Amino acid sequence: MLYDPYDDEVMRDPQPAYARLRAESPVHYLEKYDCWALSRFDDVWAATLDAESFSARGGTAPGQVLGRDPAPHTFMTMDLPEHRLHRGIIGSRYGRSAVAGLEPALRAIAREGLAPHAEHGELDVYAWANRAAIWLGADLLGLAREDAEQLRVWIDGFFERKRGQAGPGPENFAFAGRVAARLGEIVAARRAQPIVGDDHLSAWLAARIDGRALTDEEIVANLYSMLVVATETVPAAVANTAALLAAQRDSLARVLAAPALIPAAWAEALRVDQPTNLLGRRVIRGCELRGQRLTAGQGVLLLWASATRDEAEFAAADRFDLDRRPARSLSFGHGIHKCLGEQLANLEGRVLLEELLAMTGEFAVDERRSARMYGEFLCGYRRLTVSFAPRGHP
C-alpha cells in the first residue's frame, strides 16, 4: 500500500488512507521522502514522550519534515532545555486564570460579529469564527487588528494548494515573504518606540535568554508561528463542530436544550475532525517500532487526524458521540510540545459555540455553499454556510 500526504485524494480527505494505514501498515515507510508515518494512537502518544529518539529541531511542519524546508527558530522547533526557556517567556498568559480573564472580550467580539447576520438568518460560521480568533489573537500578540486581518489573508495564501501540489511552492513562499516583511516592520517600529504592555511582542522584546536579547528575526518567527496557530485551527474546529451537530440532529437538540454540553460537543468534534492533520519530528536516535527500524536523520510524520480515530483507543471511532469521555486525548498533542494554547482554544470553542447556538437555535448547513480545506497540513471547513430562523420570525 502506498501513502503520500501530497496525493490529491489524501489532501481532499485523508481518512480512507488513514484507516488502511492503521489496519495494514501502522508504521509506514515513505521511500520517496525517507520518512515514516505513524497512524495509531499508542505510537503517536509514545513518540511525543520519547525526546531521546525524536526531535522537533529542524521543524515540525510537513514541508520541513518531508522537504527539508527551513524551520523558524521558535519554541515550537526546539528541544529541552531550550524549549522550556523560550516557551516560558509567554507561558503565563496561557494559564487557566489568565485565559478566563479573556472571556468578556471574546464574547463581545463574537456578538459584534454575529449581530449583522441575525436579521437575515444566514452565516458563514468559519468566517465569523476566524474574525473572532484574529481579533483576540491580535490583542494577545500585540498587533493592530487591521494588521492581523491582512496578515491572515497572506497566511491563507501560503496554505493555498493546487491539485496534487507537493508542499509550498514559489507563490506560497511569496505570501510568506509578505508576512515576514510586514512583521519585521512592526517589530522594528516597536523596538524604536517601545510600548510596554502585557502582550507577547512586549514580552519578546524585553526577554533575555542566558543574558541575550532576542533578535528581530527571532521575534518575527515567533509572531508568525503564533499568528498561524492562534487563528487557523480554532475557526476550523468551531465550523467542524457546527457541521457535526447539524448532521446529527438529536445531538444538536440535546446541546440546545442543555448548553452545558457544549464543551463535550467541542471535545468530541476535535477528536472526530481534528483540524491539525499532521506534524512531524526527526529521528535523532535509532529505534525499533512494531518491527520497523527507524534510523537517525529520517523524518517521522505524526498523523494526528488518524490517531484520534484509532479504533483501538476509541470504540466506534468514526462516530460523533456526545457522551464519549475518553481516558486519553491527543486533540492538543502530548508531551513537551503539547499545545500551549489548549486552555485558550477550549475557551474560544465554548464561547463561540454558546453565542452561535444562542442566536441560531436550530440551523441547517448549506452544503452547496460550504467547502472543506484542501492540503496536507490542515483539515476541516474553510467555509460553512448555515441558515436559521431570522430574528423576529418563528
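Note that this is a predicted model, so its numbers are computed, not measured.

Visitor: So what exactly am I meant to see when it comes to unusual backbone geometry here?
Guide: One can expect most non-glycine residues to show negative phi and most peptide bonds to be in trans. Cis peptide bonds are those with omega within 30 degrees of zero, and the linkage from leucine 80 to proline 81 qualifies with 0°. Structurally, proline 81 can be placed in the loop between helix H4 (62-66) and helix H5 (82-91). A positive phi angle, near 50°, is found at aspartate 34, a position not held by glycine. Position of aspartate 34 relative to the elements: it lies in the loop between strand E1 (27-30) and strand E2 (35-38). With phi around 45°, alanine 316 is a residue other than glycine that occupies positive phi space.

Visitor: Explain the sheet that holds E1 here, please?
Guide: Strand pairing in a sheet is mediated by backbone hydrogen bonds. Such pairs are either parallel or antiparallel. Read from one edge of the open sheet, five strands run E1-E2-E10-E7-E3, paired in mixed fashion. The strands lining the two open edges of the sheet, one partner per strand, are E1 and strand E3 (54-55). In the sheet, E1 pairs with E2 via four bridges, with the strands oriented antiparallel. Paired with valine 27 across the strands is leucine 38, a residue of E2.

Visitor: Help me understand the pattern of salt bridges, please; the structure alone is not making it clear to me.
Guide: Opposite charge on two side chains permits pairing when their charged atoms draw close. Applying the stated criterion across every chain yields a total of 40 salt bridges. Note that aspartate 42 is salt-bridged to arginine 328, the shortest N-O span being 2.6 Å. Taken as a pair, aspartate 42 in helix H3 (residues 41-49) and arginine 328 in the loop between helix H16 (304-307) and helix H17 (342-360) lie far apart in primary sequence, 286 residues in all. For arginine 328, a relative accessible area of 24% translates into the label partly exposed. For arginine 107, the salt bridge is made with glutamate 355, and the minimal N-O distance between the two is 2.6 Å. Separated by 248 residues along the polypeptide, arginine 107 in helix H7 (residues 103-114) and glutamate 355 in helix H17 bring together distant segments of the chain. The class of arginine 107 is buried, set by a relative accessible area of 15%. Residue glutamate 355 is classed as buried on the basis of its relative accessible area, which comes to 9%. Connected via shared salt-bridge partners are Glu103, Arg107, Arg111, Arg350, Glu354 and Glu355.

Visitor: Could you clarify how one ought to interpret the packing of aromatic side chains in this entry?
Guide: Working definition: an aromatic ring pair is given by the centre-to-centre distance plus the angle between the planes. With the rule as written, the count across this model stands at eight aromatic pairs. Where tyrosine 6 meets tyrosine 33, the ring centres are 6.0 Å apart and the plane angle is 75°; that geometry is what we call edge-to-face. One end of the pair, tyrosine 6, is in the segment before helix H1 (8-12); the other, tyrosine 33, is in the loop between E1 and E2, with 27 residues separating them in the sequence. One aromatic cluster is present, formed by Phe158, Phe159, Phe173 and Phe377 through successive ring pairs. Between the NZ or CZ atom of arginine 372 and the centre of the ring of tyrosine 381, over which it lies, the distance is 5.1 Å.

Reading guide: rules and limits
Residues numbered from 1 in each chain as written. Predicted model: local features only at pLDDT ≥ 70, side-chain atom pairs only at ≥ 80, totals over all residues. Heavy atoms only, no water. Helix = DSSP H or I, 4+ residues; strand = E, 2+ residues; numbered from the N terminus. Pairing = 2+ DSSP bridges. Salt bridge = Lys/Arg side-chain N within 4 Å of Asp/Glu carboxyl O. Buried < 20%, exposed > 50% of the residue type's maximum accessible area, 1.4 Å probe, protein only. Phe/Tyr/Trp six-rings, centres within 6.5 Å; stacked < 30°, edge-to-face > 60°. Lys NZ or Arg CZ within 6 Å of the ring centre and 35° of its normal.

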